[in-house]
There are 4 protein chains.
Amino acid sequence: MTTPIAILGATGYTALELFRILARHPHARATCATSRFDAGKPVCAVHPSLRGRIDLAFSNPDFGEIASRAEVAFLCLPHAASAEAAMALLERGMKVVDLSADYRLGDGATYRQWYGHDHPDAARLGTVPYGLPELFRDSIRGATLVANPGCYPTASTLALAPLLRAGLIAGPMIIDAKSGVSGAGRTPGMTTHFTEANEGLSPYKTGAHRHGPEIDRALSMACQRQTHVLFSPHLVPMDRGICATCYAPRARALTTADALNCLREAYAGEPFIRVVDDLPSTKHTLGTNFCDVTARVIDDTVVAIGCLDNLVKGASGQAVQNLNLVMGWDETAGLMA
Amino acid sequence: MTTPIAILGATGYTALELFRILARHPHARATCATSRFDAGKPVCAVHPSLRGRIDLAFSNPDFGEIASRAEVAFLCLPHAASAEAAMALLERGMKVVDLSADYRLGDGATYRQWYGHDHPDAARLGTVPYGLPELFRDSIRGATLVANPGCYPTASTLALAPLLRAGLIAGPMIIDAKSGVSGAGRTPGMTTHFTEANEGLSPYKTGAHRHGPEIDRALSMACQRQTHVLFSPHLVPMDRGICATCYAPRARALTTADALNCLREAYAGEPFIRVVDDLPSTKHTLGTNFCDVTARVIDDTVVAIGCLDNLVKGASGQAVQNLNLVMGWDETAGLMA
Amino acid sequence: MTTPIAILGATGYTALELFRILARHPHARATCATSRFDAGKPVCAVHPSLRGRIDLAFSNPDFGEIASRAEVAFLCLPHAASAEAAMALLERGMKVVDLSADYRLGDGATYRQWYGHDHPDAARLGTVPYGLPELFRDSIRGATLVANPGCYPTASTLALAPLLRAGLIAGPMIIDAKSGVSGAGRTPGMTTHFTEANEGLSPYKTGAHRHGPEIDRALSMACQRQTHVLFSPHLVPMDRGICATCYAPRARALTTADALNCLREAYAGEPFIRVVDDLPSTKHTLGTNFCDVTARVIDDTVVAIGCLDNLVKGASGQAVQNLNLVMGWDETAGLMA
Amino acid sequence: MTTPIAILGATGYTALELFRILARHPHARATCATSRFDAGKPVCAVHPSLRGRIDLAFSNPDFGEIASRAEVAFLCLPHAASAEAAMALLERGMKVVDLSADYRLGDGATYRQWYGHDHPDAARLGTVPYGLPELFRDSIRGATLVANPGCYPTASTLALAPLLRAGLIAGPMIIDAKSGVSGAGRTPGMTTHFTEANEGLSPYKTGAHRHGPEIDRALSMACQRQTHVLFSPHLVPMDRGICATCYAPRARALTTADALNCLREAYAGEPFIRVVDDLPSTKHTLGTNFCDVTARVIDDTVVAIGCLDNLVKGASGQAVQNLNLVMGWDETAGLMA
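Residues numbered from 1 in each chain as written. Chains lettered and ligands numbered in written order. Predicted model: local features only at pLDDT ≥ 70, side-chain atom pairs only at ≥ 80, totals over all residues. Heavy atoms only, no water.

**Student:** Can you break down the interface of chain C and chain A residue by residue, with the values?
**Tutor:** Each side of the interface is counted separately: chain C has 20 residues, and chain A has 20 residues. Considering only the surface of chain C that becomes buried against chain A, R51, R53 and H284 of chain C emerge as the three largest contributors, covering 33% of it. Inspection of the region where chain C meets chain A yields 5 salt bridges. For R51 of chain A, the salt bridge identified is with D278 of chain C, shortest N-O distance 3.3 Å. Inspection of the region where chain C meets chain A yields 10 residue pairs in polar contact (both at pLDDT 80 or more). (Contact = heavy atoms within 4.5 Å. Buried area = accessible area lost by both parts, 1.4 Å probe. Salt bridge = Lys/Arg side-chain N within 4 Å of Asp/Glu carboxyl O. Polar contact = N/O pair within 3.5 Å; in protein donor to acceptor, adjacent residues only side chain to side chain.)

Below you can see the structure in the form of C-alpha cells.
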C-alpha cells in the first residue's frame, strides 16, 4: 500500500522532479496533478520525459476533491495562492509540504515587505517548521505543514550554519551565489531566453533577492541569534546547480582543518551532506539530493561553500525528504537513485 | 559622406547585427531605427552590447518620415508587414533590402500555401533579385529591392548549387540542417526557453519548414531546372551557427577530389566562400560573413556541407553585402572585421 | 543475495554510469573496479559524483582474481584489450558483457579493415549475440558473452529495423546522426576541449566512422538481408544525447500513419521504446534507458528518427538490460529510476 | 605603411585574438608568428577561423631573425620563457608587449613565491609599466616594454580602483570572480574537457590563485597604499567572459548614487569603460574591448562589479590598446569593431 500524493501546480520543473522521484518511491505515488491551464491533458503531454513512466492527467479539482484523492499535498503554486491552498487542505485533514516561499519567513511584516502583499495566513507564520532536516529535523517529524526551503537558502545555510553555531565565524556575512537557469522556472521570459542566458554570466537582484531574508531567518534560527547576510546571486548558463560561496570573518584563530572538522562533526551521519576536502562542483551533485560543503580559512576570512542541484536538494528532493519525515518513513526513501 | 540607413523592426537579433556591422561600415550609418513597442527608448536600452557604439533612439515614424531620414532601408519585419513597408518605401524612392521572407518565393500561390495568407504585393514576386551574391550577383547590382535569403537556404544553396549546375549530382536531395537557437529570433517561447533548449537536440518541422520551398526555388534558379529537396532542420543548443549537411545521388562517376574542384572553381575569387578540404565546423565561421563549404563522395552519394553564422552570412552580413552591391560599393565593405 | 559484478576499465564515463545503475540494482552490486593507472585510489576520487554512494577502490588484479571476486564482468576497455579480457574471463567461467566494439562485427576481415589490426579472438566473431534486446532478445537470454551495441547503432537500428523488416523502406539509407560530447569518452583532446566543442556543431568522420559497418551488420541481421547505410555523424555541444535522423526511399505507397503503426506494432510491450507521434528530442531521454522513435513519410522518402541518452540506452543502461537477460532477471531491473 | 608585428607563442587563444584584431588594424600587421611545435604549418591550419583572413605560416626563428622581421612583439609565451624572450628582443631594439605574467609583479621574491622559480630578469621588476591604460596611461605611452595585465586583475582593478582612490571603500576586500573556460588556455586537460566543464560551476584555487597578488599590486599602485584582497575564482561553462563581483566595507556614509558617480567621474572620456546603472552581464561585452562596471551600496558594504571579455579587454584587446599607446597611435585603433 502506497500513500496517495497530490501535486498542485504540476506543470513546472519542481513538479516534474517530484513526479520523477515519486515514480521510484517505495511508499508514495502521485494520484493527483492539478493545473488550471492544462487540465484534461496527460501529464506526459507537458512533461514528455515522463512518457512511459507515469499515467496521470492534469485536473483542476476543488480542495475537497483533492483531499479525497490524496493524503499529502506538495504545493508548487505561486506565493499567496500556495498559502490559500495550504489553509484549505490542512482544514480537510491533509498534510502539506509547501514548495513556495509562503511559510518560510517568520512574520507577516517581513513577508509584506518582500512579497508586496499581506499574507493570507499570517497567524501561522513563525509556527511552521522550516524544512531543512539537517538543522531542524525534530520539528519536521510528524508535522502537518512544512515550509520547504528555497534553493539558495539550502546551499547557503548548510554551508554556514555549523560554523556560525560553533562560534567560528561572525557577521557580516557575504553570500555570492551562482545558479543554473532552471531556478527561474518554466515560464519563458527575456532573461531566460536561450540566446540571452547562454554564454553569459549575470549578477541579478544584488542585495535585493527574496532569498536574502529567508537566509537571515534560517541562520538566525539555526544559531539562536540574529544574523544578517548580504545575498548576491548570479545567473549561470547551465540547466541546474547552485554554488553558494560564503564569506565571513573568522571569530577566532582558525585553520582550514578546524573549519572542516566543524562541518564534519555537524554532519556526521547525515545521508545527504558530503563534507569534502577538495573544492566541490555543482556538477558532482547533478540529479542527486546531496549537498556538498567545504570550507577554507584564508587570512582572516572563512570561505564556506555549498553546492547542490537546485531542483533536487534545493527543491523537490528536499520536499520528499520532508515528506519522509512527516510520514515517519526512512528519510532517504526514493532519494538514493 | 556616409549614406543614411533605416532599420525597420530594429529590436531583434538581425537588427542588432546590422547595427554592429554598420558601426564599422565606411560608407553607411544607421540613422533611423523603428519599433512600435520600444519607440522613444535608446537603442542601447534594448541592445546593451551596443552601449558606447551607437547613439540612436527607436522611433515609430510613418513611411514618409523614414524616407526623409534614410536612403536605404533594411526590413527586419514580420512577413506581410515587410512587403507593405517595401511597397511604401520603394514608392518614396528608397532602396530596400528585405530580410523577411516576403520576396523570396517566386509566386503568390506558393507564398499563400506556406505563409497562410495572400501576398500584399504578389505582382512583384518573381521579379525581385534573390540576394545570394555568389549566384545572382548581376541581378543584385543596382537593384532597388533585394530579397535577402534565409539562413538555411544560404548554407544549403551555396553547398549544392555548383554541384547541381555542373551536373555532378541529381535529385532527390536531402538537406539535414542544424541551427543554433538565435535563428528562432528574440521573442521568448517554450522551445527557446533556456532549460528546454539547452542540453538537447531536436528535429523540428521535418519536411514542413518554410525554407524548403525557398531552397527549391533558389536551386532551381541557380541550375535553370526544377529541383526539389527534402528539408529537415534541427535545433542545436548554441547561440549561432548553421550546418547544412546535404545528400544527393551522384549523377556520374565521381571522386571527392572532383567534387571539391567543382566547388573551388565555382567560388574562385569569392571573398566570402571558403572551400575547405577538411570537414568544416560552424564555430570557425562565428561572427564572420564566411560560408565554409566542402564535399565528399561516399559510394553513390555526394555529401555537400555548408557552415555559416546564421546572423551574419545567414542574415545581416549578407544583407550588407547586398547593400554594397545595390550601392555600387566594394562588396566586402564593413564585412571583413 | 546480490550477484557480484566486476567493471574492467572503470575510470571512464560508461563505467561511471554502470556504477550509478548498479547502486540501485536489486540483484547486482559492483565488487571489483579495475584500472591500471588509478589502482589503489577510491573510485570516488575519480568519480566525485559517486561520493556517499559507493565504497570501492580501483585495483589491478589478474584475471583469476577478478573471477574470484565477481560472477559477471562489464568490459569498458579499449578494443583488442577487451577481447583479450573476454577470452580470459570466459575461460574462468565468468559471464561477460562487452561494451567495446570487439564482438560487434561479424568477421575478422571487416574488423581488421576498420580497427587496423587482427582480432585476438576472431573465431568467435559472428557467434556472439548482439545486445540489442528489442531485436535479438532470444539470443541474449542466458548467453555467456554479449556484444553491447554502440550508441549510434542503437539509435539508428531501433529507428530503421522495423520499417526495413516490414518492407516499407529500401536502400540506400542515409543516417545523419548527432551526438553529445560524452560519446567521445573521458580522455581530454583537442576536439573535446571545452572551448573547441562549445558553441559549434561539426560533422566528423563522414562516411568513415566505425559505427557504419556495425549498423550495416545490425540491420542486415535484423532484416535477414544485406543492407548498407551512409553514416554521417556530427558533434553537438551538449554532454549527452544522440539523435539519429535516418532517410530511406519508401518501398511502396505509404503514409506517415502507416510508418508509425509499423513502429508501434514492432515495439508493442517493449519497456524501453517509446514510439512518439510528435518529433522527439534527445532531452526527453536524458538519464533514462528509453529510446524514443518516430517516423514521417515525406514525398518518396521515409524519415525515421531515434533519440536516446548515449551513456544509458546507448551504452551502460543497455549493458545492464543485457545483464538482466543473461541472468534471467526482470529485464528492467535497476533501469526504471 | 603598417608596422610589422611578431607574435611569439602564436598557437593559443590570445594569439588567435591578436591575429583577428591586427587583421583590421590600420597601422599594424602580423608578419611573424612563432611556434616551436607548429613551425612550417600555415597559421590557418591551427586557427581555421582565420582562413581567408591571414596568409602567414608559423616559424621558429631566433631572436635576431624576429627583430629583422618585426618592430614590436607580443609575447604569448609561458612565464619565464616570456621574460627570456623579452630580454633578448629589447636588446635587439624591439618594443615588447608581454601577455604573460612575467612583468606584472613588483619584485623577485613575490614572483618566486607564486611562480616557483627565480625570475630571469628580476632586476627589471618594478620598473615595467603595468598595462592598464585607464589607470596608468602616462607610464605606458612610449614605453618599450609593457606588462599586459591578467584577465581577472583587469576586471577587478577597474571596478575597485576608483572607489579605493576616492576613499569610499576600505579593506578587507573580497573578489568573487567568474570566468569562461577560454581563460584556461588551449591545451586540453581534465578540468577543461567539455563533459567535465559543461553544465557545472566550480570554485578553484580559492585564495590561492596567482592573480591575487597581481590584483594586490595593481590596486596598491592605483591608490598609493598597500591593499590586500581575498581572490576567489570560479569556472563557468561558457567560452568567454569574466565577471568580478567585489565586496568591500564602505569607508564612510555612502549611497549607490555616490558610488556610481565616483566611477563615472573616474572614467569620463574613457573609450573602453562603460559605467552602467543596471547590473552588467559578461554577454554584453563579448567580442569587444569594453569593460562594464557598476556599483551598489548595500548596508555597510559596497559591491563593485566589472564584466569583460577575457580574451579582449582581459588580454589581446588590451594588448593592442597598449601597442597603440606605445606607438603613439590612436588608442582605439583596431579596437572598435
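**Student:** Give me the lowdown on the sheet that holds strand β6 (residues 145-147) of chain B, citing residues and values where you can.
**Tutor:** Residue and element names in this part refer to chain B. Spatially, β3-β2-β1-β4-β5-β6 is the arrangement adopted by the 6 strands of the open sheet, whose pairing is parallel. A strand with exactly one partner marks an edge of an open sheet, and here the two such strands are β3 (58-59) and β6. Strand direction decides the pairing type here: strand β4 (residues 72-75) and strand β5 (residues 95-98), joined by 4 bridges, are parallel. Looking across to β5, one finds that A73 is bridged to V96. This element, helix α4 (residues 81-91), spans β1 (3-8), β4, β5 and β6 of the sheet and lies at about 175° to β4. (Pairing = 2+ DSSP bridges. Helix = DSSP H or I, 4+ residues; strand = E, 2+ residues; numbered from the N terminus. Axes fitted to C-alpha atoms, helices over the stretch in contact; angles between N-to-C directions.)

**Student:** Run through the relation of the copies chain C and chain A, naming residues and quoting values.
**Tutor:** Least-squares fitting of chain C to chain A yields an RMSD of 0.0 Å, with the superposition described by an axial translation of 0.0 Å and a rotation of 180°. Interpreted geometrically, this transformation is the action of a two-fold axis. Among all C-alpha atoms of chain C, that of A337 of chain C lies closest to the rotation axis, at 3.3 Å. When the interface residues of chain C are mapped onto chain A, 100% of them again fall at the interface, so both copies present the same face. (Least-squares fit on C-alpha atoms with pLDDT ≥ 70 in both.)

**Student:** An account of the relation of the copies chain A and chain D is needed here, citing residue identities and associated values.
**Tutor:** Least-squares fitting of chain A to chain D yields an RMSD of 0.0 Å, with the superposition described by an axial translation of 0.0 Å and a rotation of 180°. When the interface residues of chain A are mapped onto chain D, 100% of them again lie at the interface, so the same face is used by both copies.

**Student:** Give a description of the sheet that holds strand β9 (residues 229-235) of chain B that names residues and reports values.
**Tutor:** Residues and elements named next belong to chain B. Taken in spatial order, the 7 strands line up as β8-β9-β7-β10-β13-β12-β11 in an open sheet, and their pairing is mixed. Edge positions in the open sheet fall to β8 (202-203) and β11 (273-275), since each of these has one partner strand only. Relative to strand β10 (residues 242-249), strand β7 (residues 173-179) runs antiparallel, the two being bridged by 6 bridges. Within β10, the position partnered with D176 by the bridge is T245. In this fold helix α10 (residues 256-266) packs onto β11 and β12 (291-298), with an angle of close to 155° to the strand it touches most, β12.

**Student:** Run through the interface of chain A and chain D, naming residues and quoting values.
**Tutor:** Opposite the 38 residues of chain A that make contact, chain D presents 38 residues. For the pair chain A and chain D, the summed buried surface comes to about 3000 Å²; carbon and sulfur atoms form 61% of the total. Three residues stand out in chain A for area buried against chain D, namely E199, L201 and K283 of chain A, and they jointly supply 21% of the buried area on that side. If you look at where chain A meets chain D, you find 2 salt bridges. Across the contact surface, chain A and chain D share 22 residue pairs in polar contact (both at pLDDT 80 or more). Grouping the constituent residues of the side of chain A that touches chain D by class yields 16 nonpolar, 13 polar and 9 charged. (Nonpolar A, V, L, I, M, F, W, Y, C, P; charged D, E, K, R; others polar.)

**Student:** Before we move on, could you go through α4 of chain B and cite the residues and values that matter?
**Tutor:** Residues and elements named next belong to chain B. All buried positions along α4 are accounted for by S82, A83, A85, A86, A88, L89 and L90. Looking at the buried residues of α4, the elements they touch are β1, α3 (63-69), β4, β5 and β6. Positive backbone phi, approximately 85°, marks G93, located one or two places after α4. (Buried < 20%, exposed > 50% of the residue type's maximum accessible area, 1.4 Å probe, protein only.)

**Student:** Tell me about the pattern of salt bridges, and name the residues and values.
**Tutor:** Using the criterion set out here, one finds 77 salt bridges over all chains in the structure. When the shortest N-O distance is used, the salt bridge between R124 of chain C and D121 of chain C registers 2.6 Å. On the basis of relative accessibility, which here comes to 28%, the residue R124 of chain C falls in the partly exposed class. Across the pair R186 of chain C and E196 of chain D runs a salt bridge whose closest N-O atoms are separated by 3.7 Å. Taken together, the residues R186 of chain C in the loop between β7 (173-179) and α8 (194-197) and E196 of chain D in helix α8 (residues 194-197) connect one chain to another. Of the residues examined, R186 of chain C reaches a relative accessible area of 17% and is grouped as buried. One network of salt bridges, in which partners are shared, links E17, R20, R240 and D309 of chain A.

**Student:** An account of the packing of helix α1 (residues 13-22) of chain C against helix α11 (residues 312-327) of chain C is requested, with residue identities and associated values reported.
**Tutor:** Residue and element names in this part refer to chain C. One can describe the packing of α1 onto α11 by two numbers: an axis separation of 9 Å at closest approach and a directional angle of 45°. By the angle between their axes, α1 is oblique relative to α11. Classified by chirality, the crossing of α11 by α1 is right-handed. The residues of α11 that touch α1, namely those facing T14, E17, L18, I21 and L22, are V312, A315, S316, G317, A319, V320 and L323. Of the residues belonging to the contact of α1 with α11, the class tally is 8 nonpolar, 3 polar and 1 charged. (Parallel < 35°, antiparallel > 145°, perpendicular 65-115°, else oblique. Left-handed = near helix turned anticlockwise from the far one by under 90°.)

**Student:** Pulling in residues and values, what's your account of the domain arrangement of chain A?
**Tutor:** All names here are of chain A. Domain annotation of chain A identifies domain 1 (3-128) and domain 2 (151-310). A separation of 26 Å is found between the C-alpha centroids of domain 1 and domain 2. In total, domain 1 and domain 2 occlude about 1200 Å² of area from one another, counting both sides; carbon and sulfur atoms represent 50% of this. Per-residue buried area on domain 1 facing domain 2 is highest for Y13, R104 and W114; these three make up 51% of the total on that side. (Domains from an automatic or database assignment.)

**Student:** Hey, could you go over the packing of aromatic side chains for me, with residue numbers and the actual values?
**Tutor:** One pass over the full model with this rule turns up 18 aromatic pairs over all chains. For the pair Y130 of chain C and F136 of chain C, a centre-to-centre distance of 6.2 Å together with 75° between the ring planes defines the contact as edge-to-face. Y130 of chain C sits in the buried class, given a relative accessible area of 3%. Residue F136 of chain C is classed as buried on the basis of its relative accessible area of 13%. Here the guanidinium or amino end of R274 of chain A rests over the ring plane of F290 of chain A, the centre of that ring lying 4.0 Å away. (Phe/Tyr/Trp six-rings, centres within 6.5 Å; stacked < 30°, edge-to-face > 60°. Lys NZ or Arg CZ within 6 Å of the ring centre and 35° of its normal.)

**Student:** Requested: an account of the confidence of the model for chain A, with residues and values cited.
**Tutor:** Averaged over every residue, the pLDDT of chain A is 97; residues scoring 70 or more account for 100%. As scored by the predictor, the complex reaches a pTM of 0.98 and an ipTM of 0.97. (pLDDT = per-residue confidence, 0-100.)

**Student:** Provide a residue-level description of the environment of P149 of chain B, including the pertinent values.
**Tutor:** Residues and elements named next belong to chain B. With respect to the helices and strands, the residue P149 is situated in the loop between β6 and α7 (151-165). According to the relative accessible area criterion, P149 is buried, its value standing at 1%. Between the alpha carbons of P149 and Q113 there is a distance of 19 Å; along the sequence they are 36 residues apart. In this view, P149 contacts R104, Y130, G131, L132, T154, E214, G314, Q318 and N322; residues no more than four positions away in its chain are not counted.

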